[in-house]
Every structure is written in structure tokens, then in C-alpha cells.
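# Structural characterization, general
Here is what each chain is made of, one letter per residue.
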Amino acid sequence: MALRAQTGPYFGDFGGRFVPESLVAALDELGEAYDLAKLDPAFGAELAELGRSYTGRPSIITEVPRFAKHAGGARIILKREDLNHTGSHKINNVLGQALLTKRIGKQRVIAETGAGQHGVATATAAALFGLDCTIYMGEVDTERQALNVARMRLLGAEVIAVKAGSRTLKDAINEAMRDWVTNVATTNYIFGTVAGPHPFPEMVRDFQKIIGEEARQQVLDLTGALPTAVTACVGGGSNAIGIFHAFLDDEGVGLYGFEAGGEGVDTPRHAATITKGRPGVLHGARSYMLQDDDGQTIESHSISAGLDYPGVGPEHSWLSAIGRAQYRPVTDDAAMQALRLLTRTEGIIPAIESSHALAGTLELGRELGPDATILVNLSGRGDKDMDTAARYFELYDEEAGA
Amino acid sequence: MTARNTVGPVIARRNAEASGALIGYLPVGFPTLDESVEAAVALVENGVDALELGLPYSDPVMDGPVIQAATQQALANGFRLADGFEAVRRITERVDAPVLIMTYWNPVVQYGVERFADDLAAAGGAGLITPDLIPDEGADWIAASERTGLDRVFLAAPTSTDKRIARVVEASRGFVYAVSTMGITGARADVDRAARTVVDRLTSAGAPASCVGVGISTAAQVREVLEYAEGAIVGSALVKALADGGVRGAAELAAELARGTRAE
Ligand SMILES: Cc1ncc(COP(=O)(O)O)c(C=O)c1O
């Protein structure tokens, strides 16, 4: 079977539905609505039109030769998801799920968010479709991504700062699930990545796979050949699976996911789930996760809120297990250096999440040599990260930066 | 090792001699391991018929704020899984009530499902309540509990379809846990009418016993639930009583709640 044909609930040993019984009916309802929508040309057409006239699809590709000089001379091509409306790939998935919400006939949506990009995208879709919207965000993340909190509130969403546990993305997911269990009759959960219980990993992937479908053709048109490698950062894994998927059955194309290595994978402060974790059950699916001997989730760390998650989507665990994709860690500092390098060489300021893919690509380019072509998913733009970057690189005037 | 003291016979006996069974929930290790054992024993001495001991977990999606705060404190105090088995052993050495463990699924997976079953049975435990394991994903646990004779309590919700209700009834042993409201744990002023419907549907599907949990905090609610269910499960209210009034506070609330199991 083609790897691309794989659907949920299981990807090899990974995936499934480890959820309270109270949620099963809602997951079934969503899954059934999605299965019907998939077959309905009107749904596909409406989503494609939104992509075209609202998101700005297809997103362009940009070759970055000045940046590529630092990568051993390999050709580097960026897929510009940063240019999407709302500033990242997250909107692709949100519009799909918001359309489904309308089909199911629910008036309220909830979402978790880490960097705030998924929350902003969800609040945006809620404004567009006239839905009530509540966003759960870890308190730590509301601080480091304060700009996005303001965006969500301006869009009319209620933002709830989650104070439990590590006060980051994983705790925001717990709180969103609690809300869903309680309000399932009126509320749809717009999940932001390819993790979680079935049907989310499959459905979110399907809404994101347009990235790779477009990029595969765009690279062929530009270079006349498929790329040597395709790279992306991996938090839960939605932008990575989105760009990988079209290439899964292209055997000659290497697939590389870059996880957040934080302060180093030999320290406890990282979010390198596949590199350092082992299989377990978290947030409704069996997948790799960071955990202690007792199966308690270990708090992750990353300078990037969007990658600061101790789990990963089940399809990535499967692709790693069968050897189809490789997952490597990239440290906070390497990512920040890559952020500045792309900015200075190409005039493109990437999100810190996406900068992990850039840093990993610099190293990969040196390994693959000057004949290689590497397609990088530039999943988001760096506007939301200016405060972090300004502090990191000491860009504030002293009085202002205190 | 096979389970000795399962929950079915106690529920049956309490329904034969009184209006039903009272099941009390406490987390292991809150406020300390010793006090959680003392509190559990005190519940039984004050009229609780069976215990549900929660294992603190980092990501408890079914728990409301009271239980979250308690389990987070237990984890911060260094709770380890082995403490769960020790608590079961110490409690069952002192009182006869069956002791079920309530646990999220990942700790069991990491410990090893078979090993967990063996160690729980060896400690004198009755079985498991699994809030995030549905029968569809439960093959390993069903096999391990068949082998060891442990109870397995799955949950049924107001939104469960008839087909799923039938599946839960077939897969459960001991009782079926009927979730009374669409929600997480936490004392509520009204125990939802939905509970009555879920229990009726479970009974029609052949469930030998259904116990209602999530949202029960007073003797009057216990009495109301026992009009139609075989058992009433009280959690957050007991945890709050323990947090506010220590072992004595929990014991007093247990005695009060137990009045709900007797004819007036
Ligand atoms: C720009 C950007 N890239 C990547 C991610 C990580 O998510 P995923 O791994 O699902 O693509 C985020 C999440 O917030 C993000 O904002």
C-alpha cells in the first residue's frame, strides 16, 4: 500500500483513541462529518475557494541562495506558509475544521494554542463565520506570545490562561479537553496539530497536505526534479506532515523533521520527543512522548512556544519507526542563529518554530553536499517572536529593554 | 495471583440489605501517603462500602479543579506508582471494603499491563476504573483482568450510543461507571437527570450494577441516585473535606453521606 494512503485510527502501532467515553460520540460525529465532507465536491470547492481568496493560496516558493551559501552550497527552497493570512500554516487546518463545524451545526468552537498561531487562526475563522470562540493557552505562553493574545482578543475570542501543570501547550490541551467533555453538545474542538485522538491526526493532515502538493509541483517546475530532501520543524507535527505527505511515496526524497532540542538533548530542558522519548499514551493517542519511568509526562522546554510540547503526532512516530522519515534535534541557540541568518541574508524574518527547520537544514545541506536541493517548510513568520528575538539579540535600547 | 476482594458482591449485598452502595474516592498521596491511607480507612469505618483510590497523574483530563489540586500536590510531594500498591495493601490489611484503583492509562502501560494486574491483585486490590480507556482500546487490560480476576470498570456517558452502551456493559466487571453529567469531576448542585437515563439504558442492556459518579456531594443526592442506581460515587466533595478538615473532616462527611444509603 502506498504510504500516502494510510488513514487513522492507527498508523502502525501508533494512534487510536484513548479518551473518556464522554467524548467518543463527538469524535464519531466529527469523523463521520469529515468522511462525508471528503466525498462532497461542494466541501472541497468551498475550502479551496477560501484558500484562494482568504488565505492566499497557493503560497509561493522562494529560493534563498544567500542563505544557502551557509549550507554547503546546496540549493535551498522555502515553501512560504509564512505569507498565509494570519501568518502561518495553521489557517489551512482551521478553515477546514471551521467549515466542518458549520456542517455539524455547532455554534461554539474551542482550541488550544502554544505559540498563539493556532489560536489566532481559530479566532479568525470564528470571526469570519460568526462563531463563539474560547482559546486555552498556557500562562507561560500568554506571556511569551503576548502579541498573539491581543490579536485573539481583538478578534473577539475569549483567551483563558491555563495555570495548571507546566502552564504550556500540554496543559492548554488538557483544559480544552475538559471544556469539550463538559460542553460537547454545543461545542466543537478545533484541534491544532496532527496529534490527539482519531480522527484528528488524519483530518488535520488532510487539511495540511496541500502544502506538499503545491510545493512538489512548484519545485518540479523550478528545478525540473524532485528535491533531494524535504525538511520541517516538528511540534505536534502538522506543518511537517503537511509538506511530507505528497512525498511519502517518492523513495528518493529524504524527509527530515527537526524537533526542539532546547538547551540540548543531554539536558532535561528540551522537547525532542522522538529523539529522546518512548511510546506512551498522551492526549488521546499512542505515540512517542517524554515521560518518566512511571509514565508521568515530563515537562518539555523550548524557546519556541509552538514546539514546546512533550508529545508528537502518531503518523510521525510511525514514519520514524519504519525509517521513512528522520527526526533530529535542533537547539534553541541554533534556531535563533538561523532566524537571524535568514533575516540578514534574505530579508525574511521566520517564526522561531520554523527557524528550527532552517537550522537543521543548514547542517543537512553540509551533509548532502552542493548537488542537493532542499525544500524547507517555512511554517510561519516571526512577527510574534520579535520580543523574544529582541531580548535574545539585545536589540532594545537599554532604557526600553529593562 | 488472583483478586480476592472484588466489588460486585459488596454492591449486591448493599442493595439487598439497604438502598445501595456508597463508593468514596480519594487520591493516593494527598495530603501525604500516610494521611491518604488513614483517610481511606476512616471512610470505610464511617459507612463507605467500597473505595476508589486515584493515582495522581500529570495530565488528568477528567478531573476538576479540586482533584487536580490534590493530585498535583501529591505529585509535587514525590508520588510514585509503587505508593499506589502500598496504599492498597495497607488499607486492605485494615478494612474489608474492596479497593479499586482509578488510573489514567499511560502509567499502566509504562508499568506493564500484566505486571500492573499482578501487583494490584497481590496488594489485595479489587480492580481498575479507567477514565481514558474505552473497551475499544482495552484488549490488553481485558486479557490481564480475565487472568487475574480483577474488576474492570468502564465508563458510560449520556452521549454513548446504544451500541456503545452494550459494549461497555459487556466489557465491564464489578459495575459500570455512569457519568452523571456531561462533565469533569466536581461537586454540582444538581445531579443531572441524564444520569437516570444512562442507568436505565445500562440496566436494559443487562448491566448487573451501575454506579453514578461525577457531581454528587450530599446525602440527599446519594439517596436520590440510589433510587435508581446500585451505587453512588463521591469524589471531589470528600477530597475537599480532607483538604479542609483533615482525616476527621473526611470521616464526618462520609458518615453524613452514608445516611443517604439507609431508609429514612
Ligand atoms: C509557525 C509555526 N510552526 C510550527 C508550529 C508547530 O506546530 P506543528 O508541529 O503542528 O506544525 C507552530 C505552532 O504553534 C507554529 O506557530
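Residues numbered from 1 in each chain as written. Chains lettered and ligands numbered in written order. Predicted model: local features only at pLDDT ≥ 70, side-chain atom pairs only at ≥ 80, totals over all residues. Heavy atoms only, no water.

## Focus on the packing of helix α1 (residues 21-39) of chain A against helix α9 (residues 200-208) of chain A
Residues and elements named next belong to chain A. Condition: To obtain each axis, a line is fitted to C-alpha atoms, and for helices this fit is confined to the stretch in contact; angles are then taken between N-to-C directions over 0 to 180 degrees. Counting from the N terminus, the helices are the DSSP runs of H or I reaching at least four residues and the strands are the DSSP runs of E reaching at least two. In a left-handed crossing the near helix is turned counterclockwise from the far helix by less than a right angle, and in a right-handed crossing that turn is clockwise. Note on contacts: a residue pair qualifies if any of its non-hydrogen atoms lie within 4.5 Å across the two residues. Residue classes follow a fixed rule: Ala, Val, Leu, Ile, Met, Phe, Trp, Tyr, Cys and Pro count as nonpolar, while Asp, Glu, Lys and Arg count as charged, and any other residue, Gly among them, counts as polar.
Axis separation between α1 and α9 bottoms out at 11 Å; the angle between their running directions is 35 degrees. By crossing handedness, the relation of α1 to α9 is classed as left-handed. Residues L27, L30, Y34 and K38 of α1 form the contact with α9, whose own contacting residues are F200, E202, M203, D206 and F207. Classifying every residue of the contact of α1 with α9 by side-chain character gives six nonpolar, no polar and three charged.

## Description of the site of the ligand
Residue and element names in this part refer to chain A. Cut-off, in case you're wondering: Here, proximity means that at least one heavy atom of the residue falls within 4 Å of the molecule or strand. In protein, a polar contact means a hydrogen-donor-capable atom and an acceptor-capable atom, both N or O and within 3.5 Å, with residues adjacent in sequence counting only if both atoms are side-chain atoms; elsewhere, any N or O pair within 3.5 Å suffices. Here the accessible surface of atoms and residues is derived via Shrake-Rupley with a 1.4 Å probe, and residues count as covered only by protein chains that are part of the display.
Taken together, 19 residues sit near the ligand, with T193, G235, G237, S238 and S379 positioned nearest. One of the side-chain nitrogen or oxygen atoms of T193 is found 2.6 Å away from an oxygen atom of the ligand. A distance of 2.7 Å separates a nitrogen atom of the ligand from a polar atom in the side chain of S379. Across the complex, the protein chains shield 98% of the 390 Å² of accessible surface that the ligand would expose by itself. The set of elements that each furnish at least two residues to the shell around the ligand consists of β9 (229-234) and α11 (238-244). Considering only residue class, the shell around the ligand consists of five nonpolar, twelve polar and two charged.

## Re the pattern of salt bridges
The cut-off we apply is this: Salt bridges are defined by distance alone: a side-chain nitrogen of Lys or Arg within 4 Å of a carboxyl oxygen of Asp or Glu. Relative accessibility under 20% of the residue-type maximum defines a buried residue, over 50% an exposed one, and the middle range a partly exposed one, all with a 1.4 Å probe and only protein chains included.
Counted by the stated rule, this structure contains 51 salt bridges over all chains. A salt bridge links E114 of chain B to R147 of chain B; the nearest nitrogen and oxygen atoms lie 2.5 Å apart. Placement of E114 of chain B in helix α6 (residues 113-122) and of R147 of chain B in helix α7 (residues 139-148) is noted, with a sequence separation of 33 residues between them. A relative accessible area of 35% places E114 of chain B in the partly exposed class. In this structure, a network of salt bridges that share partners links the residues E21 of chain A together with D136, R164 and R167 of chain B.

## A short note on the environment of F11 of chain A
Residues and elements named next belong to chain A. With respect to the element layout, F11 can be found in strand β1 (residues 10-11). Between the C-alpha atoms of F11 and G380, which are 369 residues apart in sequence, the distance is 27 Å. With near-sequence residues (within four places) excluded, F11 lies in contact with Q6, P201, R205, P314, E315 and W318.

## Topic: the UniProt feature "active site" (unreviewed entry) in chain B
Residue and element names in this part refer to chain B. The cut-off we apply is this: UniProt positions are given in the numbering used here, feature names are shortened, and annotations may be inferred rather than shown by experiment.
UniProt's entry tags E52 and D63 with the feature "active site" (unreviewed entry), counted in the numbering of this structure. Along the chain, the position of E52 falls in strand β2 (residues 50-54). For E52, a relative accessible area of 3% puts it in the buried group. Ignoring any residue separated from it by four or fewer positions in sequence, one finds E52 in contact with I23, G24, Y25, L26, L100, M102, I129, Y177 and I233. Mapped onto the elements of the fold, D63 is located in the loop between β2 and α3 (65-76). D63 gets classed as buried once you look at its relative accessible area, which sits at 3%.

## Considerations on the packing of helix α4 (residues 90-104) of chain A against helix α5 (residues 117-129) of chain A
Residues and elements named next belong to chain A. We apply this condition: Note that the term roughly parallel is reserved for angles under 35 degrees, roughly antiparallel for angles over 145, roughly perpendicular for angles of 65 to 115, and oblique for everything else.
Where α4 meets α5, the closest approach of the two axes is 9 Å, and the angle between their N-to-C directions is 40 degrees. In terms of axis orientation, α4 runs oblique to α5. As for the relative orientation of α4 and α5, their crossing is right-handed in sense. Contacts between α4 and α5 involve K90, I91, N93, V94, L95, A98, L99 and K102 from the former and Q117, H118, A121, T122, A125, L128 and F129 from the latter. A per-class count over the contact of α4 with α5 returns nine nonpolar, four polar and two charged.

## Focus: the sheet that holds strand β6 (residues 132-138) of chain A
What links the strands of a sheet is backbone hydrogen bonding, and the strands pair in either a parallel or an antiparallel sense. Residues and elements named next belong to chain A. The condition that has to hold: Strands are labelled as partners when DSSP assigns at least two bridges between them.
Taken together, four strands build an open sheet; the order of strands is β7-β6-β5-β8 and the sheet is parallel. What marks the edges here is a single partner per strand, and that holds for β7 (158-162) and β8 (187-189). Going across the sheet, the axis of each strand differs from the next one's by a mean of 25 degrees, ignoring polarity. The sheet contact formed by strand β5 (residues 108-113) and β6 spans six bridges and is parallel.

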